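Structural overview
Each chain is listed here by its residues.
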Protein chains: 2
Amino acid sequence: MSLVIVGSVAFDTIETPGDRKERIVGGSCTYSALAASFFTRPRIVAVVGEDFPKSTADFLKKRGVDLKGLTIVPGGKTFFWEGRYGDDPNQLDTLRVDLNVFLDFRPTLPASYRAPDILFLANISPDLQEHVLAQVKRPRLVAMDTIRYYIETQPEALDRVLRTVDIYFANDEEARLLTGERNLIRAGRRLLAFGPRLVVLKKGEHGALIFGPDFLFGIMARPCETVVDPTGAGDSFAGGFLGYLDRVGNLRAMSIRRAAVYGSVMASFAIEDFGIERFRSLKPDDVEARFAEFKKLVSF
Amino acid sequence: MSLVIVGSVAFDTIETPGDRKERIVGGSCTYSALAASFFTRPRIVAVVGEDFPKSTADFLKKRGVDLKGLTIVPGGKTFFWEGRYGDDPNQLDTLRVDLNVFLDFRPTLPASYRAPDILFLANISPDLQEHVLAQVKRPRLVAMDTIRYYIETQPEALDRVLRTVDIYFANDEEARLLTGERNLIRAGRRLLAFGPRLVVLKKGEHGALIFGPDFLFGIMARPCETVVDPTGAGDSFAGGFLGYLDRVGNLRAMSIRRAAVYGSVMASFAIEDFGIERFRSLKPDDVEARFAEFKKLVSF
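Bear in mind that the values here come from a model prediction, so they are computed numbers and not experimental data.

A closer look at the nonpolar core
Ranked by size, the top nonpolar core spans 217 residues in total, and within it F169, F241 and F279 of chain A together with F169, F241 and F279 of chain B carry the most contacts. Setting aside residues up to four positions removed in sequence, F169 of chain B forms contacts with F120, A143, M144, D145, T146, E174, V200, K202, F237, A238, F241 and L242 of chain B.

Observations concerning the interface of chain B and chain A
Across the contact, 30 residues belong to chain B and 30 residues belong to chain A. For the pair chain B and chain A, the summed buried surface comes to about 2,800 Å²; carbon and sulfur atoms form 59% of the total. Between chain B and chain A we count 2 salt bridges in total. Of the charged contacts, one joins E225 of chain B and R189 of chain A as a salt bridge, the two residues approaching to 2.4 Å between their closest N and O atoms. On inspection of chain B and its partner chain A, the count reaches 19 residue pairs in polar contact (both at pLDDT 80 or more).

Considerations on the environment of L109 of chain B
Residue and element names in this part refer to chain B. With respect to the helices and strands, L109 occurs in the loop between β7 (92–98) and β8 (118–121). We classify L109 as buried; its relative accessible area is 2%. The spatial distance from the C-alpha of L109 to the C-alpha of E272 is 33 Å, given a sequence separation of 163 residues. Leaving out residues up to four positions away in the same chain, L109 has contacts with V45, R114, V132, Q135 and V136.

A few points about the confidence of the model for chain A
Mean pLDDT over chain A stands at 96; residues scoring 70 or higher make up 100%. Two summary scores accompany this predicted model of the complex, namely pTM at 0.94 and ipTM at 0.91.

Things to note about the sheet that holds strand β2 (residues 10–16) of chain B
All names here are of chain B. Read from one edge to the other, the open sheet built from 4 strands follows the order β3-β2-β6-β7, with strand pairing classed as mixed. Strand pairing shows two members of the sheet lacking a second neighbour, β3 (19–26) and β7, which therefore form its edges. Strand-to-strand, the axes of this sheet are offset by a mean angle of 15°, without reference to chain direction. Sheet topology places β2 next to strand β6 (residues 80–85); 5 bridges connect them, and they run parallel.

Quick notes on the sheet that holds strand β12 (residues 208–212) of chain A
Residues and elements named next belong to chain A. Reading across the sheet, the 9 strands line up as β5-β4-β1-β8-β9-β10-β11-β12-β13 and stay open at both edges, with mixed pairing between neighbours. At either end of the open sheet lies a strand with only one pairing partner, and these are β5 (66–73) and β13 (215–219). The average angle at which neighbouring strand axes cross in this sheet is 15°, direction not considered. The sheet contact formed by strand β10 (residues 167–171) and strand β11 (residues 198–202) spans 5 bridges and is parallel. If you follow F169 over to β11, its bridge partner there is V200. Against the sheet, helix α6 (residues 172–179) engages β9 (141–145), β10 and β11, with an angle of about 105° to β10.

Reading the values: rules and limits
Residues numbered from 1 in each chain as written. Chains lettered and ligands numbered in written order. Predicted model: local features only at pLDDT ≥ 70, side-chain atom pairs only at ≥ 80, totals over all residues. Heavy atoms only, no water. Core = buried A, V, L, I, M, F, W, Y, C linked by side-chain atoms within 4.5 Å. Buried < 20%, exposed > 50% of the residue type's maximum accessible area, 1.4 Å probe, protein only. Contact = heavy atoms within 4.5 Å. Buried area = accessible area lost by both parts, 1.4 Å probe. Salt bridge = Lys/Arg side-chain N within 4 Å of Asp/Glu carboxyl O. Polar contact = N/O pair within 3.5 Å; in protein donor to acceptor, adjacent residues only side chain to side chain. Helix = DSSP H or I, 4+ residues; strand = E, 2+ residues; numbered from the N terminus. pLDDT = per-residue confidence, 0-100. Pairing = 2+ DSSP bridges. Axes fitted to C-alpha atoms, helices over the stretch in contact; angles between N-to-C directions.

Following this line, the structure appears as structure tokens:
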């Protein structure tokens, strides 16, 4: 199997009630590729500037991430985002966004990327997602993510993408915004009418629900005493989810369920340190141990 | 085994965004006894006025609830509560409380109630809970509930009760208030230091967590598209939980886990209609079917 991820690679400046980190590496593609790398060898399509640290590229390679689709723009500056979390980790203010090289990003997939088994359109604009979809032979599975900004500014393009994908990773805010439904169960079900075969509704600290026409799976989030940095939790969830599916090579109901648990496990690691730091020390055995621990936690 | 429940029986006037019901029967004792009645034959200790409907007493008896400990005060009026829920079912304003016969309630347990296997001190004041504790031979299990009002007005008496009980049913607000911890995992663990062997932390639509010194169990809430009336969900949870434990007759870890699932199942029924209405049509088979459905929902 093979997994191609298209998304953002960024510098993030992150402020939490307890700490502040300047220009650490983040981005939807980075988090999801690293999480997926514990299950498969993801290929990424993204753009960075010349300021992007070689050490991070080396770390991604060491984790088995294929960087053939990573464009480095000579003289360019990497996408920059700054955000501040409140005492409640769900409360996030975006303080600054500099698109930089992302402004002119028109991803062109390397020839070897054009027939993936799984394609993940991470958080980029819906028109870029369409641009990517036009370059691939129909994969077995196309998954997508989006954000409030695109729901509000590019609803038509987003509608078109939603109609073509198999899995839509939504969070609670996005689900409510798209459907106008407050109740998340109704919102999740109604998202299926937008096109996807499966809707993965991520509820942060409250877990996730997966909706299909004849499918419902629910998972609580692993209890976490200390959230150091919630950034990238959703991307890590998607990366673990799709990486696991790529590894098992089938889309059976039980595989989808386990994929969600692995997604949740990867998110639970991501938030234990700033940025992608936790993935540096993480071992595959740690992932399996946490899966087993979670299974014990919820079994009855 | 035997289960004695001490708590309130009340008239509730309930307003939700869609509806309003005047003076329907409610109360912590009523909900928890009805939920428990699907597993065992609970005995209740409570007080009502002469205005309490005989039809409700008959219904409780039909469900196997022992009313020997229910005092009917001649000429008295039953405890009255009025509340209004917002669009978010977690948002509740208490509009009116008339204690009526509850004001002078000093529960005296019938002789046949004084050696229960399980004693549930539902939502009554901590000094009344102490008064009850003084009348029983040490049961195998004592569980308690309380509310914000008693945490704020009777902290010393509450502390004393917490030190003697085995299980404390707390909700998220109460856990945060008692411990000063925002993070619910830390709050739940810290509540153990108040005395109980187990803390059952109810998180409403987000499920529940059970903390013990060497025990942790988590359960999501059953996804619910329509919450008609959230009143009594927590009491029904506790009733189902303790009723199931009374039925199985042991306190093994797996029994505690299943008790929580049955508690959650009973709460999920309670909120499907106003007041105790849903329990009128509910059959034991419905309970088992929902347990099985939930098991399927969360299995992986």
